[in-house]
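Structural features, examined
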Amino acid sequence: MAKTQRWRRRSSAGQAPSEESVEEPPSRATLTETTPDEDADPAPAPADPEPRRGRGLRLAERGPVLLVQAAHPRQAILTAVFVAAAAALSGRPTREVLVVGATVLVGQAIIGWHNDLVDRQRDARHDVPGKPLAREQLDPGTVWFALTCAVLLVVPLAVTSGITAGSAYLVSLVVAIMGNVVLRTGFLSWLPWAVSWGLLPAYLSYGGWGGQFEGDPPSTLMVVLFALLGIGVHFLRALWGLVPDNDDGWTYLPLKLGLRVGATRLLVLSGFYTMAVLVAIAFAATYSGLAR
């Protein structure tokens, strides 16, 4: 109820003033305290200030990108560029250089996929970054299918340079794949790398277009230098996995040296060693050539 206020009104005839009750108008506070109508429409919900994000996968999470990531792309590209450059410096025509680069690139992708398939559970246990198979972002069946297609592709690519040259490269590829399974945990872990890389001069020296050219055997010095380069690449690759490999009880040579001199010094020594071998290969190619 609104409050009432009594006030006196004086009459003009001298009568006694009388009191009247006048109801005050409701105040604004009273109006706001009234109960709203139940049948009234509810207030509209406020608009979402942030636009909804797209439901599509990011580029880095798409299947083809994950396949490339599982193929160890940096090692694959660097190795393919190096071998193709060696073919170019040996006097091979451009089309043969391109075939050599494509062959080595596909072969390196096979090695990388196989390595991630073999190490899938280890990588997941150690939470190794950059491993889509270990993080279950990529199905193993998809990688096996890609690996099989790559094998069917690398065989004709290798044989394009000739039967002898292609056979040398395919044997090199098989040795590298076997290195993902055997000898990798012990002192002789460097041996598959040395043999695999040591076969590359034969692939280059015997190579030709369409198998029409049969070259000469590679020089012994080149075979030794390429084998030493493979050992250097093994050391550089092993540096990033020293901690989990040590936790698993591995005893390969880079780990033993890393425990003695430290990972930083091992990185510096491996870098200098690899650069020295590359310089030696350049001098040997200049003065004695690739083949005998």
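Structure shown above.
Residues numbered from 1 in each chain as written. Predicted model: local features only at pLDDT ≥ 70, side-chain atom pairs only at ≥ 80, totals over all residues. Heavy atoms only, no water.

Some words on unusual backbone geometry
- In this structure, His 72 is a non-glycine residue whose phi angle is positive, near 55°.
- Structurally, His 72 can be placed in the loop between α2 (63-70) and α3 (73-89).
- You can call His 72 buried: its relative accessible area is 12%.
- Within the chain, Asp 127 stands out as a residue other than glycine whose phi angle is a positive 55°.
- Checked against the element boundaries, Asp 127 lands in the loop between α5 (120-126) and α6 (140-159). (Helix = DSSP H or I, 4+ residues; strand = E, 2+ residues; numbered from the N terminus. Buried < 20%, exposed > 50% of the residue type's maximum accessible area, 1.4 Å probe, protein only.)

Considering the pattern of salt bridges
- Counted under the stated rule, the structure contains seven salt bridges.
- Arg 122 is the partner of Asp 248 in a salt bridge, and the nearest nitrogen-oxygen pair spans 2.8 Å. One end of the pair, Asp 248, is in the loop between α11 (242-247) and α12 (253-261); the other, Arg 122, is in helix α5, and 126 residues separate them in sequence.
- In this structure Arg 122 comes out as buried when scored by relative accessible area, which is 15%. (Salt bridge = Lys/Arg side-chain N within 4 Å of Asp/Glu carboxyl O.)

Side note on the side chain of Gln 108
- Following the sequence through the fold, Gln 108 ends up in helix α4 (residues 94-118).
- Not counting the four nearest positions on each side in its chain, Gln 108 is found in contact with Ala 71, Gln 75, Ala 76, Thr 79 and Tyr 169. (Contact = heavy atoms within 4.5 Å.)

Focus on the packing of aromatic side chains
- Using the criterion set out here, one finds five aromatic pairs in the structure.
- Centre to centre, the rings of Phe 82 and Phe 226 are 5.8 Å apart; their planes meet at 40°, and the pair counts as tilted. Residue Phe 82 is found in helix α3, and its partner Phe 226 is found in helix α10 (residues 220-238); the two are separated by 144 residues along the sequence.
- Overall, Phe 82 belongs to the partly exposed group, its relative accessible area being 21%.
- The exposure class assigned to Phe 226 is buried, which follows from its relative accessible area of 2%.
- Between Phe 283 and Tyr 287, the ring centres sit 6.3 Å apart and the planes meet at 5°, which makes this aromatic pair stacked. Taken together, the residues span about one helical turn, with Phe 283 and Tyr 287 both in helix α13 (residues 263-287) at a distance of four residues. (Phe/Tyr/Trp six-rings, centres within 6.5 Å; stacked < 30°, edge-to-face > 60°.)

Topic: α3
- For α3, built from 17 residues, the straight-helix expectation of 24 Å at 1.5 Å per residue is met to within 8% by its first-to-last C-alpha distance of 24 Å.
- When α3 is considered as a whole, its buried residues turn out to be Gln 75, Ala 76, Thr 79, Ala 80, Val 83, Ala 84, Ala 86 and Ala 87. Buried residues of α3 fall within an arc of 155° about the axis and therefore sit on the same side. Within α3, the exposed residues directed more than 90 degrees away from the buried face are Arg 74, Leu 78, Val 81 and Leu 89.
- Backbone geometry just downstream of α3 places Gly 91 in the positive-phi region, at approximately 95°. (Expected span 1.5 Å × (residues − 1). Arc of directions from axis to C-beta.)

As for a nonpolar patch on the surface
- A surface patch of nonpolar side chains, about 800 Å² in accessible area, is lined by Val 118, Val 174, Met 178, Val 181, Val 182, Leu 183, Phe 187, Leu 188, Leu 191 and Val 195.
- For the nonpolar patch, the elements supplying multiple residues, two or more each, are α7 (163-179) and α8 (190-198). (Patch = residues over 30% accessible without salt bridge, like charges linked within 9 Å, V, L, I, M, F, W, Y side chains within 5 Å. Areas by Shrake-Rupley, 256 points an atom, 1.4 Å probe, with all protein chains shown as cover.)

Quick look at the packing of α8 against α10
- Orientation of α8 relative to α10, taken along the N-to-C sense of each, is 135°, at an axis distance of 7 Å. On the basis of their axis angle, the class for α8 and α10 is oblique. As α8 packs across α10, the resulting crossing turns out to be right-handed. Seen from α8, the contacting residues are Trp 190, Trp 193, Ala 194, Trp 197 and Gly 198; seen from α10, they are Val 223, Phe 226, Ala 227, Leu 229, Gly 230, Ile 231, Val 233, His 234 and Arg 237.
- The class makeup of the residues in the contact of α8 with α10 is 10 nonpolar, three polar and one charged. (Axes fitted to C-alpha atoms, helices over the stretch in contact; angles between N-to-C directions. Parallel < 35°, antiparallel > 145°, perpendicular 65-115°, else oblique. Left-handed = near helix turned anticlockwise from the far one by under 90°. Nonpolar A, V, L, I, M, F, W, Y, C, P; charged D, E, K, R; others polar.)

Some points on the environment of Thr 103
- Tracing the backbone shows Thr 103 in helix α4.
- Each C-alpha atom of the pair Thr 103 and Ser 161 lies 9.6 Å from the other, and the pair is 58 residues apart in sequence.
- Setting aside its immediate chain neighbours within four residues, Thr 103 contacts Val 154, Leu 157, Ala 158, Tyr 169 and Tyr 203.
- There is a polar contact of 2.7 Å between the side chain of Thr 103 and the backbone oxygen of Val 99. (Polar contact = N/O pair within 3.5 Å; in protein donor to acceptor, adjacent residues only side chain to side chain.)

As far as function goes, none of this settles anything; it's purely spatial.
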